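# Close look at the chain arrangement
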Amino acid sequence: MSKHIVLEGFMGSGKSTVGIRLSYKMAMTVVDTDKLIEREQHKTISDIFSEEGEEAFRQMETDCIGRLAEQNYSQIISLGGGVPMREQNREILKRLGMVVYLRAKPETIYARVKNDTSRPLLQCDDPLTRIRELMAQRGGIYEEAADVVIDTDERNIEQILTEIVREAGKRGIV
């Protein structure tokens, strides 16, 4: 069975950035589930939400991680923020490998994503309040799914990478 490093967390928590940098540091490929779905569907996440609905997109996420779990090589997987919300997905994540929750404060998330119009869940009058609501719903579930929790607010990228590499070493992934 493959031993992936799986990065989870709220949108804007740094999953994509950490995934790319970690791939160089560990000489592993990285895949972003949102980007993979966009390529497969030939449309953006926003378009999928508006044309097919959130539930259709959530099923695409489940199908995507299910396929990744069947692969026989290790890689870094950056998840979309909603993936761990389905119990079925959390079961798949346990099979994938080491799940790392990149945790950040709502204010940090807001500062990172406030000008990003590609995030359908934040297209509302008060995005910071929406971020707080969603993080309150998701935080416990992210923690439940995680093998490792890293608070990113007070750490730079090198500190985050060092901690992930150390934890991967403990689990025989490196």
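Everything numeric here is computed off the predicted structure, so don't read it as measured data.

### Focus on the sheet that holds strand β2 (residues 30–32)
- Pairing within the open sheet is parallel, and its 5 strands lie in the order β2-β3-β1-β4-β5. Of all the strands in the sheet, the pair left with one neighbour each is β2 and β5 (148–151). For this sheet the average axis-to-axis angle between neighbouring strands, irrespective of direction, equals 20°.
- As paired strands, strand β1 (residues 4–8) and strand β4 (residues 97–103) are joined by 5 bridges and run parallel to one another. Bridging from a neighbouring strand, E8 pairs with Y101 of β4.
- Along the sheet, helix α7 (residues 127–145) contacts β1 and β4; its crossing angle with β4, the most-contacted strand, is approximately 150°.

### Description of the packing of aromatic side chains
- Counted by the stated rule, this structure contains 2 aromatic pairs.
- On the numbers, 5.4 Å between centres and 45° between planes, the contact of F49 with F57 is tilted.
- Taking the centre distance of 5.1 Å and the plane angle of 55° together, the rings of Y101 and Y142 count as tilted. Highlighted residues: Y101 in strand β4 and Y142 in helix α7, separated in sequence by 41 residues.

### Things to note about the packing of helix α1 (residues 15–26) against helix α8 (residues 157–170)
- Following both chains from N to C, one finds α1 and α8 inclined at 60°, their axes separated by 10 Å at the closest point. With respect to α8, the axis of α1 lies oblique. Handedness of the crossing formed by α1 with α8: right-handed. Across from T17, V18, R21, L22, K25 and M26 in α1, the residues of α8 making contact are I157, E158, I160, L161, I164, V165 and A168.

### Focus on α8
- In a regular helix each residue adds 1.5 Å, so 14 residues correspond to 20 Å; α8 covers 20 Å between its end C-alpha atoms and thus fits that length.
- Turning to α8, its buried residues number three or more, namely I160, L161, E163, I164, E167 and A168. Looking down the long axis of α8, one finds its buried residues gathered within 160° of arc, a one-sided arrangement.
- Elements in contact with the buried residues of α8: β1, α1, β4 and β5.
- Of the residues flanking the start of α8, the one acting as N-cap is N156, its side-chain oxygen 3.0 Å from the backbone nitrogen of E158.
- Of the residues trailing α8, G172 is marked for its positive phi of about 75°.

### Focus on the pattern of salt bridges
- On inspection of all chains with the given rule, the structure shows 19 salt bridges.
- Of the charged contacts in the structure, one is a salt bridge between R86 and E55, with a shortest N-O distance of 2.3 Å. Residue R86 is found in the loop between β3 (76–78) and α5 (87–96), and its partner E55 is found in helix α4 (residues 54–69); the two are separated by 31 residues along the sequence.
- Overall, R86 belongs to the buried group, its relative accessible area being 18%.
- The salt bridge involving R58 is made with E61; its shortest N-O contact spans 3.0 Å. Taken together, the positions of R58 and E61, both in helix α4 and 3 residues apart, correspond to about one turn of that helix. Of the two residues examined, R58 and E61, each falls in the buried class.

### What to know about α7
- With 19 residues, α7 ought to run about 27 Å at 1.5 Å a step, and its terminal C-alpha atoms sit 25 Å apart, in line with that.
- Most pronounced at R138, the bend in α7 amounts to some 40°.
- Those residues of α7 lying buried are P127, L128, I131, L134, M135, R138, G139, I141, Y142 and A145.
- Looking at the packing, one finds that the buried side of α7 touches β1, α4, α5, β4 and α6 (106–113).

Rules used in this analysis
Residues numbered from 1 in each chain as written. Predicted model: local features only at pLDDT ≥ 70, side-chain atom pairs only at ≥ 80, totals over all residues. Heavy atoms only, no water. Pairing = 2+ DSSP bridges. Helix = DSSP H or I, 4+ residues; strand = E, 2+ residues; numbered from the N terminus. Axes fitted to C-alpha atoms, helices over the stretch in contact; angles between N-to-C directions. Contact = heavy atoms within 4.5 Å. Phe/Tyr/Trp six-rings, centres within 6.5 Å; stacked < 30°, edge-to-face > 60°. Parallel < 35°, antiparallel > 145°, perpendicular 65-115°, else oblique. Left-handed = near helix turned anticlockwise from the far one by under 90°. Expected span 1.5 Å × (residues − 1). Buried < 20%, exposed > 50% of the residue type's maximum accessible area, 1.4 Å probe, protein only. Arc of directions from axis to C-beta. Polar contact = N/O pair within 3.5 Å; in protein donor to acceptor, adjacent residues only side chain to side chain. Salt bridge = Lys/Arg side-chain N within 4 Å of Asp/Glu carboxyl O. Bend = angle between axes of the 7 residues up to and from the residue.

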